Structures are given as structure tokens and as C-alpha cells.
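Listed below, chain by chain, are the residues.
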Amino acid sequence: IDNNVDISDKTLDKTLSTRNILATFSGLSTEMSAEALRLSFLWQSYRPNYWYWEIIETMRRLLLTAIVSVIHPGTSGQVVLSIILSGICYYLYAEFEPYNERSDQILSQVGQIQIFMTFFIALIIQNSLLSNQWNVALGVVLIVINIAIVIIIMYFPMKEILEYYNTVNQNEDVDSDIDKDRDIELVDQSKEDINIENISIYSNEIVKNDSKDSLDLNDLNNNNNIIDNSELDTNYHRDNEYDVNH
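First, a word on scope: everything that follows refers to the structure included in this document. (Residues numbered from 1 in each chain as written. Predicted model: local features only at pLDDT ≥ 70, side-chain atom pairs only at ≥ 80, totals over all residues. Heavy atoms only, no water.)

**Digging into helix H5 (residues 76-96)**
The terminal C-alpha atoms of H5, which comprises 21 residues, lie 31 Å apart, in line with the 30 Å expected from a rise of 1.5 Å per residue. Within H5, the full set of buried residues consists of Gln78, Val79, Ser82, Ile83, Leu85, Ser86, Cys89 and Tyr93. Structurally, H5 contributes buried residues whose contacts are with helix H4 (53-67) and helix H6 (102-126). Directly beyond the C-terminal end of H5, a positive phi value near 45 degrees is found at Glu97. (Helix = DSSP H or I, 4+ residues; strand = E, 2+ residues; numbered from the N terminus. Expected span 1.5 Å × (residues − 1). Buried < 20%, exposed > 50% of the residue type's maximum accessible area, 1.4 Å probe, protein only. Contact = heavy atoms within 4.5 Å.)

**What to know about the pattern of salt bridges**
Under the counting rule described, the total for this entry stands at three salt bridges. Between Glu57 and Arg60 there is a salt bridge, and its shortest N-O distance comes to 2.8 Å. A residue pair is termed a helical-turn pair when its members lie 3 or 4 positions apart in one helix, as Glu57 and Arg60 do in helix H4 at three residues. Both residues of the pair, Glu57 and Arg60, count as buried. Notably, a salt bridge pairs Glu57 with Arg61, separated by 2.9 Å at the nearest N-O pair. Placement of both Glu57 and Arg61 in helix H4 is noted, with a separation of four residues, approximately one turn of the helix. Ionic contacts of the salt-bridge type, sharing partners, join the residues Glu57, Arg60 and Arg61 into one network. (Salt bridge = Lys/Arg side-chain N within 4 Å of Asp/Glu carboxyl O.)

Spelled out as C-alpha cells, the structure:
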């Protein structure tokens, strides 16, 4: 691997295998150790130049759960801090796009938006920043956001399943067309063979007829010769009888 290659290129990211991800950055052999391969579940979901992103993801979870929960619990300051942290996390995921799959990237960003909006609406309701008549609308927004994440989670697997079945059906159609073309070729070949056989039979018949006509002609010539010879003998005998009488 050329360590001078700019691996920020997404096309190059897709071509690198999981076995040489670490070697790309370390300059070592492309062969990974057995231990690194056993830990592949920690980095195989990320693009090669973001193989370490699971560390950032773990820190994000700790910040938004364990750490934030003990900082001024129940106060507006706690909610504001959560909003700031969730906004920073959204920016990081949207800017760097660390995931290999586009579906994972979209799901991650929607999740960050969901967390941000949840904290933001909680801040509005907690401090009564809007009149009570807005509480219902804000509750509806929260419900829609949470349902949206579930729909997106279901959408991508269903899309992959449909694409798989469409690919299978297209392959079956192609195979069917190939079989039809092969059958048509076999039928055409059979017709050609039959035509050739008929031509051969016809040719043989012509040869037989020619042979028969030749034999008939020879017989006719032989018969004519016999007749001619017979007439000559008859004339010869007549001449002899005439001479004897005289």
C-alpha cells in the first residue's frame, strides 16, 4: 500500500479491504493479527480512515447519559448542556460521515436530530417558554420524531430485501430469455438438419433415377443391336438361298 495516497477519497475507501485498514495508517504489513480480526466488529462498520470512530461513539454515549445525568440534575442548565453536546455530535457525524453504508449514516444523523429535538422541547416545556396550548403540538412533534426513527430503521432492511428479490427476478428473466433463445436456435438447427436431410434424399433419388434412365437406355441400345443383327442374318440367309436357286 502506498502510504502517500490520499485516503480521504471515498472511492478509495470502498476499495480497501478490512484486512489492510490498520496497515494503511501504521505502514505495517497488510496482514492483520488474529486479535485485530477478532475485534473487527468494533471498526468494520466505519470507513477505513475512521476506523477509530467507535471510541468517539462510546464517548458520546457516556457524555449524554452517565456524565450529563449528574451535572445539575433537574435544572435548565443540565438540559442546555445536553442540547449543546447533542448539537456538537450531530455536526461531527454530518461533517465526517464515518460509516461505510449510506443507510447507517442517515440513521445516525436522524438519531442525533431526535436527541437534540427531545432536549430542546424538554427545555421549552420545563421552563414554560410557550403557552400551555403549545404543549400538545410539542408532544406531537416528539411522537413524530420518535416514530420517524422507527420507520427509517424498518425502511432500509425492507429496501435491501426488495432489491434482492428484484435482482433475483431479473436474473430469472434473463435465464428464461437465454433458454428461449437456445430453444429457438435448437428449433432452427433442427429445421436446417431436416432440410439438409431432405435435400440429400432428393439428391439420392435423382441419382437413382439417372442410373435407372441410363440402364434403360443401355437396354434399348442392346435391343436395337439385337434387332439389327437379326435383320442382317435374315438378309444373309435370303441372299444365300437366292444364289443356291440360281
